Number of protein chains: 2
Amino acid sequence: MPFRDTLRSIVESVEGSVGAVIMGYDGIAIDEHVREDCPFDVQILAVEYASVLKEIKKTVDVLKSGELEEVSIATGLCRVIVRAINDEFFIALVMSRDGNYGKGRYLVKREAPVLLEGLQ
Amino acid sequence: MPFRDTLRSIVESVEGSVGAVIMGYDGIAIDEHVREDCPFDVQILAVEYASVLKEIKKTVDVLKSGELEEVSIATGLCRVIVRAINDEFFIALVMSRDGNYGKGRYLVKREAPVLLEGLQ
């Protein structure tokens, strides 16, 4: 399945999600799917978060606490779930504050290995 | 209830949790409770995460996506749930990889306003 179809399937399955993107830690996106009525600029959001993720990866390395697997960030307006695909790429799912966080986490975790296969 | 008692109560109620700390974004801890058999240095971990959190706060401000509420970071070895108490302080709960994440999130969210009252 092409990346965009996987992203669309995640976004359409998770209540309250507005967009998903596969991106490198350098902030360059491979693909994305964004709902038409999305109130956020998912690409800009992911680019900003990519640089934060690089910092988190460094910290996790310093602490020797294993590989970075997942980061989630909740703010007053939205929730972002980021899952590492490999050392270079991650998938980010953006949802509204009251989105189905549990289902989002589950699907992003389930699809990360599938996306990894597509990247190899 | 003194801060340490609240922290102890959280750590003892959440299966797989190893320690909790109240800390400023400047990396200075107010109080902590750590299980005796804790395999991590919770203070060092929180100090390192505090600087990452400052970056996340900046990003969240840039994106105008509301106040930062919660960050969770999962690695191969552990899971850290960070909840903002106010603009200066946060509470971090550290647990093993298979700890009860849902209960941890719930209790940290429930106790944050209680801790805030104690700080005022």
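All values reported here derive from a predicted model rather than from experimental measurement. (Residues numbered from 1 in each chain as written. Chains lettered and ligands numbered in written order. Predicted model: local features only at pLDDT ≥ 70, side-chain atom pairs only at ≥ 80, totals over all residues. Heavy atoms only, no water.)

Caption draft 1: Local environment of the interface of chain B and chain A. Counting residues at the interface gives 30 residues for chain B and 30 residues for chain A. Of the roughly 2,300 Å² buried between chain B and chain A on both sides combined, carbon and sulfur atoms contribute 60%. When the buried surface of chain B facing chain A is broken down by residue, Leu-63, Ser-65 and Glu-69 of chain B rank first, second and third, together holding 20% of it. At the boundary of chain B with chain A, the tally comes to 2 salt bridges. A salt bridge links Arg-97 of chain A to Glu-69 of chain B; the shortest N-O distance between them is 2.9 Å. Where chain B packs against chain A, one counts 14 residue pairs in polar contact (both at pLDDT 80 or more). Elements with a contribution of two residues or more to the side of chain B that touches chain A: helix 2 (42–62), strand 3 (68–75), strand 4 (78–84) and helix 3 (101–119) of chain B. Per-element tally for the side of chain B that touches chain A: the top contributor is helix 2 of chain B, with 10 residues. (Contact = heavy atoms within 4.5 Å. Buried area = accessible area lost by both parts, 1.4 Å probe. Salt bridge = Lys/Arg side-chain N within 4 Å of Asp/Glu carboxyl O. Polar contact = N/O pair within 3.5 Å; in protein donor to acceptor, adjacent residues only side chain to side chain. Helix = DSSP H or I, 4+ residues; strand = E, 2+ residues; numbered from the N terminus.)

Caption draft 2: Representation of the pairing of strand 3 of chain B within the structure. Most of strand 3 of chain B is tucked away: 8 of the 8 residues are buried. Where strand 3 (residues 68–75) of chain A meets strand 3 of chain B, 7 bridges bridge the pair, whose relative direction is antiparallel. Of the residues in strand 3 of chain B, the one forming a bridge with Leu-68 of chain A is Thr-75 of chain B. Pairing between strand 3 of chain B and strand 4 of chain B: 5 bridges, direction antiparallel. (Buried < 20%, exposed > 50% of the residue type's maximum accessible area, 1.4 Å probe, protein only. Pairing = 2+ DSSP bridges.)

Caption draft 3: Up close: unusual backbone geometry. Residue and element names in this part refer to chain A. Of note in the backbone geometry, Lys-64 takes a positive phi value of approximately 50° without being a glycine. Mapped onto the elements of the fold, Lys-64 is located in the loop between helix 2 (42–62) and strand 3. What makes Lys-64 exposed here is its relative accessible area of 70%.

Caption draft 4: Geometry of the packing of helix 1 (residues 3–13) of chain A against helix 3 (residues 101–119) of chain A. All names here are of chain A. Across the interface, helix 1 lies against helix 3 with an axial gap of 10 Å and an inter-helix angle of 175°. By the angle between their directions, the pair helix 1 and helix 3 is classed as roughly antiparallel. Of the residues in helix 3, those in contact with Phe-3, Thr-6, Ile-10 and Ser-13 of helix 1 are Lys-103, Leu-107, Val-108, Glu-111, Leu-115, Gly-118 and Leu-119. (Axes fitted to C-alpha atoms, helices over the stretch in contact; angles between N-to-C directions. Parallel < 35°, antiparallel > 145°, perpendicular 65-115°, else oblique.)

Caption draft 5: Quick look at the sheet that holds strand 4 (residues 78–84) of chain A. In space, the 10 strands of this open sheet follow the order 2(A)-1(A)-5(A)-4(A)-3(A)-3(B)-4(B)-5(B)-1(B)-2(B), with antiparallel pairing throughout. At either margin of the open sheet sits one strand with a lone partner, and together these are strand 2 (29–34) of chain A together with strand 2 (29–34) of chain B. Neighbour to neighbour, the strand axes of the sheet diverge by 10° on average, direction disregarded. Packed on one face of the sheet, helix 1 (residues 3–13) of chain B meets strand 1 (17–24), strand 2 and strand 5 (89–96) of chain B and runs near 35° to strand 2 of chain B.

Caption draft 6: Structural context of the pattern of salt bridges. Residue and element names in this part refer to chain B. Inspection of every chain in the model, using the stated rule, returns 18 salt bridges over all chains. Two residues, Arg-8 and Asp-5, come together in a salt bridge whose shortest N-O distance is 3.2 Å. Pair noted here: Arg-8 and Asp-5 are both in helix 1, with a separation of 3 residues, about one helical turn. By relative accessible area, which is 31% here, Arg-8 ends up partly exposed. Asp-87 serves as the salt-bridge partner of Lys-57, at 3.1 Å between the closest nitrogen and oxygen. With Lys-57 in helix 2 and Asp-87 in the loop between strand 4 and strand 5, the pair connects residues that are 30 residues apart, well separated along the chain. Among the residues examined, Lys-57 registers a relative accessible area of 18% and is labelled buried.

Caption draft 7: Focus on helix 1 of chain A. Residue and element names in this part refer to chain A. The complete set of buried residues in helix 1 reads Phe-3, Thr-6, Leu-7, Ile-10 and Val-11. Burial along helix 1 is one-sided: seen end-on, the buried residues are contained in an arc of 130°. Considering only its buried residues, helix 1 is in contact with strand 1 (17–24), strand 2, strand 5 (89–96) and helix 3. (Arc of directions from axis to C-beta.)

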